[in-house]
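Structural overview for review
Each chain is listed here by its residues.
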Amino acid sequence: MARFIINNSPPLKGSVKISGSKNAVLPILAASLLAEGECVIRDVPCQSDVETMRMLLERLGADLYWDKEAGIIQTLASGRLRTEAEYELVSKMRASFLVMGPLLARLGEVNVPLPGGCAIGARPVDLHLKGFSALGAQVMQEHGNVRAKAKRLKGAKIYLDFPSVGATENIMMAAVLADGVTVLENCAVEPEVVDLANFLNSAGAEIRGAGTDTIKITGVKSLSEADHQVIPDRIEAGTFMVAAGVTKGDITVTNVVADHLKPLIAKLKEVNLDVTETEAGVRVKYQEEKGGHIIAADVKTLPYPGFPTDMQAQFMSLLILAEGTSIVTETVFENRFMHVGEFKRMGADIKIESRSAVIEGVKNLTGAQVKATDLRAGAALALAALTASGTTELSDIYHIDRGYCNLAEKLSQLGARIRREEDFSEKK
Ligand code: EPZ
C-alpha cells in the first residue's frame, strides 16, 4: 500500500495548472455509451476513477483508447453492448451507477449492482430509480442488483425531492433517447451537470436549461459523435487555493473557470486571504502585511452554488489553524467528518455536535501517522501535514489517487516537502 511522507514545508509559492474535472469526465464517459459514433474527450485527468470507468465501459462492449500523455480518451460504442455491469467495478466506484441511464436508453434493458455506501454516507439511489420509473421503465431490485426494462422510454415531468447531482445526470441521460419531452425539476445545477449536457448536445441531444433548476430534454432518435473538452476541476483548484492559506504562501491556479470557484473565493476572503483573478487564473496570497493570520469563519455545505461539500475537509485544514472559533456544518452527506479524528491526532481542537464540527483554532499542528478516510479527507490531511511540525505519514492514499492527478508532484513543484512511498508494510 502506498503512503505519503510529508515534512514541515516552507510557504508554497508559484502556479499550478488544474486538470480536467473528475466529476465531469465520469458522467461524460458513461454518456459516450449513448453515441453511435466516435467520441473524443479531452483534458481527461490521470486518476484511478477514470481507469475504473474505462474498464467498466470496455467490459460493457465499448472500445476505448486512452492517450494519457495527451489527456485524451476516444470511445466507440457502436457494437453490441452488454446489459450487465459487473459488481466488482460498480462496488469500487459509485459513479459506475451512471451507466444505468445510457444503457437503459440505448438497449431498453439494464442490470446494475446497487452501489454500496461509502465512508461519507449511505448514498442511496432512490431518486435515480424514481426517475427511470417515471420514464416508463419497469424497475426491480433483487439480490443486490437493480434491473430496469422498457420497450421505449417516454418523456415525463419529474420533480427531484433533492437536487441530486447523480440522479439529475442519470435521468437526463436516460431521457435523451426517450419519446417526447422530459422536464426535470428541482434538479442539480452543478457545473459538471452543465458540462454533461453540453457534451450530449454536441452529439445531437436536445437539452435546454442545464445549470438552472429545470432542465427540458426533447428525445431524439440517436446520438452521433462528439469532440468535447472537459471543464477544469473546481475541487482540485480549491484544494490548491486552500494550500496557499494553510502554508502562508502565494499560489496561482491556472486553467480554471473563476465563476465555478465563487463560493470558495468568498469564503477564502472571509478568512483574510487575498484572492485576485488574474489573466492566468486565480491567485491566493496569505496577507503577512495585514496582521498575517487566518480568521475563524463558519461554513455550511450546500448544493451548488453553495459552499461545496467536496471542499469541506480541505477548508477545515485552514480553520483548525485560524484565530477564534469556527463552526462547519455538513448538510449534504450524513457522515462526512471522518477526517476530524485524524486532524485531532495532529493536535487540532474539534468537537462534533450532530451535523456540525466546532473548531477552536490552535497555533500549530504536529506531524503524526494518519489515514486518508476518503478522497477529500486525504487531500485535506496532506495540506495540514505541510504546516505541521515534524513528519507526517499519510497512508491509504489510494483514496487520493481516485480524484487527484499527481498531487504530490504538483505540491512539490510549489515547494512542498512531500514524497510518495510505494509499498510499505504497516510497522508491526
Ligand atoms: C456527486 O456525487 C459527486 N460525485 C460527489 O463528489 C459530490 O460530493 C456530490 O455529487 C455532491 O456534490 C460525482 O459526481 C462522481 P448526490 P452524487 O446524488 O451524485 C442523497 C468527490 O469527492 N441522495 O448529489 O452521489 C445522497 O445520499 C465526490 O468527488 C439520495 O438520498 O451526490 C447525499 O446525501 C464525493 N438519493 C445527497 O443526496 C439519491 O437517489 C447528495 O448526493 C441520490 C442522492
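Residues numbered from 1 in each chain as written. Predicted model: local features only at pLDDT ≥ 70, side-chain atom pairs only at ≥ 80, totals over all residues. Heavy atoms only, no water.

Glancing now at the layout of surface pockets. Taken as a whole, the second largest pocket spans an internal volume of roughly 370 Å³. What lines the second largest pocket is a set of 19 residues, among which Ser-19, Val-44, Cys-46, Lys-68 and Cys-405 lie closest to the centre. Residues that form the lining of the second largest pocket fall into these classes: seven nonpolar, six polar and six charged. Mapped onto the domain boundaries, the lining of the second largest pocket takes at least three residues apiece from domain 1 (3-19 + 232-421) and domain 2 (22-229). (1 Å grid on protein atoms, 1.4 Å probe; cavity = no way out; pocket = protein on both sides within 12 Å on 5 of 7 lines; lining within 4 Å. Points joined across faces, edges and corners; volume = space filled by probe spheres on them. Nonpolar A, V, L, I, M, F, W, Y, C, P; charged D, E, K, R; others polar. Domains from an automatic or database assignment.)

Let's shift gears to the site of the ligand. Around the ligand, 22 residues are found, and the nearest of them are Asp-126, Leu-127, Ser-164, Asp-310 and Val-332. When the free accessible area of the ligand is taken as 820 Å², the share hidden by the protein chains comes to 88%. The set of elements that each furnish at least two residues to the shell around the ligand consists of helix H1 (22-31), helix H5 (126-134), helix H6 (165-175) and helix H12 (375-387). Looking at the shell around the ligand element by element, the count peaks at three residues for H5. Taken together, the residues of the shell around the ligand break down into 10 nonpolar, five polar and seven charged. The residues that make up the shell around the ligand include at least three from each of domain 1 (3-19 + 232-421) and domain 2 (22-229). (Near = heavy atom within 4 Å. Areas by Shrake-Rupley, 256 points an atom, 1.4 Å probe, with all protein chains shown as cover. Helix = DSSP H or I, 4+ residues; strand = E, 2+ residues; numbered from the N terminus.)

This structure, assessed with the given rule, holds 24 salt bridges. Ionic pairing is found between Glu-421 and Arg-419, a salt bridge with its closest N-O pair at 3.2 Å. For Glu-421, a relative accessible area of 22% corresponds to the partly exposed category. A single salt-bridge network, built from bridges that share partners, covers Arg-3, Glu-393, Arg-419 and Glu-421. (Salt bridge = Lys/Arg side-chain N within 4 Å of Asp/Glu carboxyl O. Buried < 20%, exposed > 50% of the residue type's maximum accessible area, 1.4 Å probe, protein only.)

Next up on the list: the domain arrangement of the chain. What the domain assignment reports for the chain is domain 1 (3-19 + 232-421) and domain 2 (22-229). Taking only C-alpha atoms into account, the centre of domain 1 sits 31 Å from that of domain 2. Each partner contributes to the interface: domain 1 provides 24 residues, whereas domain 2 provides 21 residues. Here domain 1 and domain 2 share an interface that buries about 1,800 Å² over both sides, 54% of which is from carbon and sulfur atoms. With a shortest N-O distance of 2.8 Å, Glu-192 and Arg-234 are connected by a salt bridge. (Contact = heavy atoms within 4.5 Å. Buried area = accessible area lost by both parts, 1.4 Å probe.)

The next thing to look at is the packing of helix H10 (residues 312-319) against H12. Here H10 crosses H12 at 20°, and the two axes come no closer than 7 Å. Between H10 and H12, the angle falls in the class roughly parallel. Considering how the two elements wind past one another, H10 and H12 form a crossing that is right-handed. Between H10 and H12, the contacting residues are Ala-313, Gln-314 and Ser-317 on the first element and Arg-376, Ala-377, Ala-380, Leu-383 and Ala-384 on the second. Its residues assigned to classes, the contact of H10 with H12 shows five nonpolar, two polar and one charged. (Axes fitted to C-alpha atoms, helices over the stretch in contact; angles between N-to-C directions. Parallel < 35°, antiparallel > 145°, perpendicular 65-115°, else oblique. Left-handed = near helix turned anticlockwise from the far one by under 90°.)

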